[in-house]
Amino acid sequence: MFDWLIVGAGFAGSVLAERIASQRQESVLLIDRRNHIGGNAYDCYDEAGILVHRYGPHIFHTNARSIIDHLSQFTEWRPYEHRVLSSVDGKLLPIPINLDTINRLYGLELTPEQLEEFFASRRETVEEVRTAEDVVVSTVGRELYEKFFRGYTRKQWGVDPAQLSKSVTARVPTRTNRDDRYFGDTFQNMPAGGYTRMFQRMLDNPRIKIMLQTDYREIRDTIPFQRLIYTGPIDEYFDWSLGRLPYRSLRFEHVTLDCEQFQPVAVVNYPQTENYTRITEYKHLTGQQSPKTSLTYEYPTDIGDPYYPVPRAENEALYKRYEALAAACPDVWFVGRLATYRYYNMDQVVGQALATFARIQQSLPANGTV
Ligand code: FAD
Ligand code: UDP
């Protein structure tokens, strides 16, 4: 009999497995239906010996000291500030849109103050900013929205930005200075040995047993456990009884080229052309040296593993109904991006897992003595 069954060995499941085993001294069976730990943050060496991210580029960034301190128990860090270029009108321009983006796009020499006026003259008045379109047109106007956001978003989500909540494009800021970093967080570093090594260290505890290639549905009636932490899709847990929650998927095309470098930065976005949204070149993220280089092309699709909850009001309403079912399940905790239907970054999932652990500590005496 395990004290806990944890479904999913991504950030949510692994952070909780470690906390429960080390702080409560309770036994954990951690399962995943994939053949590896790490969830979507999994990285591995490809045939050319280059460290790649199997599920697309994962860049760690946060403002939360407690989350850095927690993960620092399991990894050292390598400084890395993420920069992205966008292929627009035949040029590679910085995204988020900044002073250099506009000057290079239009052949101007605006100052930051003049750029503020430029945006002010183009932005549209939106009564209430509700959608992913509203966010952009009310900041930089329709032309820049069409060039940088509309096509990318339609590819990525399969719907028009007007159909998505504002939170989607609000992830990407607009700047009037020359800061070309993708993220503004105080802490921007990559795990020095990669994500998988960090997970291995996190899960290296004799109280944690790991079973891979194991689906919860296959073992739920045969393996005895007292309590459950579930980090898979919440609608699947309830056998889709209220209908399917949409999750957007991606098809990843991984390629290795016989050259040292393919593109000037780690990620180049393609908002206007191509069927893929972006190309990632991993050596920029890891600093690895090699005469070869490995890339990933991301092709968005509805079919395949669930990667992104789709932020729209109607989906949130359906999620709320599943959340009510979840609230009525004693001794089951739903955590993570898929189980709480939240477009969370890694640090937010770690924060959510640590908060869940604090709630477990408050509500349950340790060692299964309830
Ligand atoms: P997951 O990592 O999805 O883990 C859930 C695990 O549960 C999976 O391994 C799955 O196989 C398993 N599972 C599900 N159902 C079952 C079942 N029934 N039985 C057994 N196992 C099951 N975040 C950032 O901070 N920075 C980034 O740059 C970044 N880039 C991203 C790029 C892409 C393409 C994607 C898709 C996400 C990105 N993220 C990024 C988000 C990041 O991946 C997530 O925040 C984080 O990995 C979520 O962790 P999780 O544990 O909630 O879910
Ligand atoms: N986006 C866009 N153009 C870009 C970058 C982002 O339209 O060049 C929009 C798009 O809808 C995307 C969202 O902003 O899904 C969030 O971007 P982010 O880079 O955070 O996406 P993620 O890394 O989570 O896939």
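Residues numbered from 1 in each chain as written. Chains lettered and ligands numbered in written order. Predicted model: local features only at pLDDT ≥ 70, side-chain atom pairs only at ≥ 80, totals over all residues. Heavy atoms only, no water.

Caption draft 1: Examining the overall build of the protein chain more closely. Helix and strand content of the protein chain: 12 helices and 17 strands. Since a compact globule built from 370 residues should have a radius of gyration of about 21 Å, the 22 Å found for the protein chain is in line with a globular shape. Here the C-alpha coordinates of the protein chain stretch approximately 70 × 50 × 35 Å along the principal axes. Here the protein chain holds 370 residues, and the buried ones make up 56% of them. (Helix = DSSP H or I, 4+ residues; strand = E, 2+ residues; numbered from the N terminus. Rg over C-alpha atoms; globule rule 2.2 N^0.38 Å. Buried < 20%, exposed > 50% of the residue type's maximum accessible area, 1.4 Å probe, protein only.)

Caption draft 2: Quick peek at the site of ligand 2. Surveying the vicinity of ligand 2 reveals 15 residues, the closest of which are Thr153, Arg171, Tyr182, Tyr308 and Tyr343. For ligand 2, an oxygen atom lies 3.1 Å from a polar atom in the backbone of Phe149. Contacts to ligand 2 include Tyr308, whose side-chain N or O atom sits 2.5 Å from an oxygen atom. Surface burial for ligand 2 is 94%, taken as the share of its 520 Å² of free accessible area covered by protein chains. (Near = heavy atom within 4 Å. Polar contact = N/O pair within 3.5 Å; in protein donor to acceptor, adjacent residues only side chain to side chain. Areas by Shrake-Rupley, 256 points an atom, 1.4 Å probe, with all protein chains shown as cover.)

Caption draft 3: Spatial organisation of the confidence of the model for the protein chain. For the protein chain, per-residue confidence averages 97 on the pLDDT scale, and 99% of positions sit at 70 or higher. Between the elements of the protein chain, mean pLDDT differs from a low of 96, seen in helix 8 (residues 216–219), to a high of 99, seen in helix 1 (residues 11–23). (pLDDT = per-residue confidence, 0-100.)

Caption draft 4: Inspection of the pairing of strand 9 (residues 187–191) at higher detail. Of all five residues that make up strand 9, five are buried, and the element is covered over most of its length. One ladder, built from two bridges, connects strand 5 (residues 61–62) with strand 9; its direction is antiparallel. Each residue of the ladder has a partner; that of His61, found in strand 9, is Gln188. Here strand 6 (residues 77–79) pairs with strand 9 via three bridges, running antiparallel. Across the sheet, residue Arg78 finds its bridge partner in strand 9, namely Met190. (Pairing = 2+ DSSP bridges.)

Caption draft 5: Just the packing of helix 3 (residues 99–106) against helix 6 (residues 142–157), in detail. As a packed pair, helix 3 and helix 6 sit with axes 13 Å apart at the nearest point and diverge in direction by 95°. Classed by the angle they form, the pair helix 3 and helix 6 counts as roughly perpendicular. Judged by residue contacts, Thr101, Ile102, Leu105 and Tyr106 of helix 3 engage Glu143, Leu144, Lys147 and Phe148 from helix 6. (Axes fitted to C-alpha atoms, helices over the stretch in contact; angles between N-to-C directions. Parallel < 35°, antiparallel > 145°, perpendicular 65-115°, else oblique. Contact = heavy atoms within 4.5 Å.)

Caption draft 6: Spotlight on the packing of aromatic side chains. Applying the stated rule across the entire model yields 28 aromatic pairs. With a centroid separation of 5.4 Å and an interplanar angle of 75°, the aromatic rings of Trp157 and Tyr308 are classed as edge-to-face. Of this pair, Trp157 sits in helix 6 while Tyr308 sits in strand 16 (residues 308–309), and the two are 151 residues apart along the sequence. Each member of the pair, Trp157 as well as Tyr308, is classed as buried. Taking the ring centre of Tyr299 as reference, the NZ or CZ of Arg251 above it sits at 4.3 Å. (Phe/Tyr/Trp six-rings, centres within 6.5 Å; stacked < 30°, edge-to-face > 60°. Lys NZ or Arg CZ within 6 Å of the ring centre and 35° of its normal.)

Caption draft 7: How the structure looks around the site of ligand 1. Among the 33 residues in the neighbourhood of ligand 1, the closest are listed as Asp32, His58, Ile59, Tyr344 and Met346. Between Ala12 and ligand 1, the recorded distance is 2.9 Å, taken from a backbone N or O atom to an oxygen atom. The fraction of the free accessible surface of ligand 1 (1000 Å²) that becomes covered by protein chains is 96%. For the shell around ligand 1, a count of residues per class yields 15 nonpolar, 10 polar and eight charged. (Nonpolar A, V, L, I, M, F, W, Y, C, P; charged D, E, K, R; others polar.)

Caption draft 8: Region of interest: the packing of helix 1 against helix 7 (residues 195–202). Contact geometry of helix 1 with helix 7 gives a least axis separation of 9 Å together with a crossing angle of 30°. It follows from the interaxial angle that helix 1 and helix 7 lie roughly parallel. Of the residues in helix 7, those touching helix 1 at Phe11, Ser14, Val15 and Glu18 are Tyr195, Met198, Phe199 and Met202. For the contact of helix 1 with helix 7, a count of residues per class yields six nonpolar, one polar and one charged.

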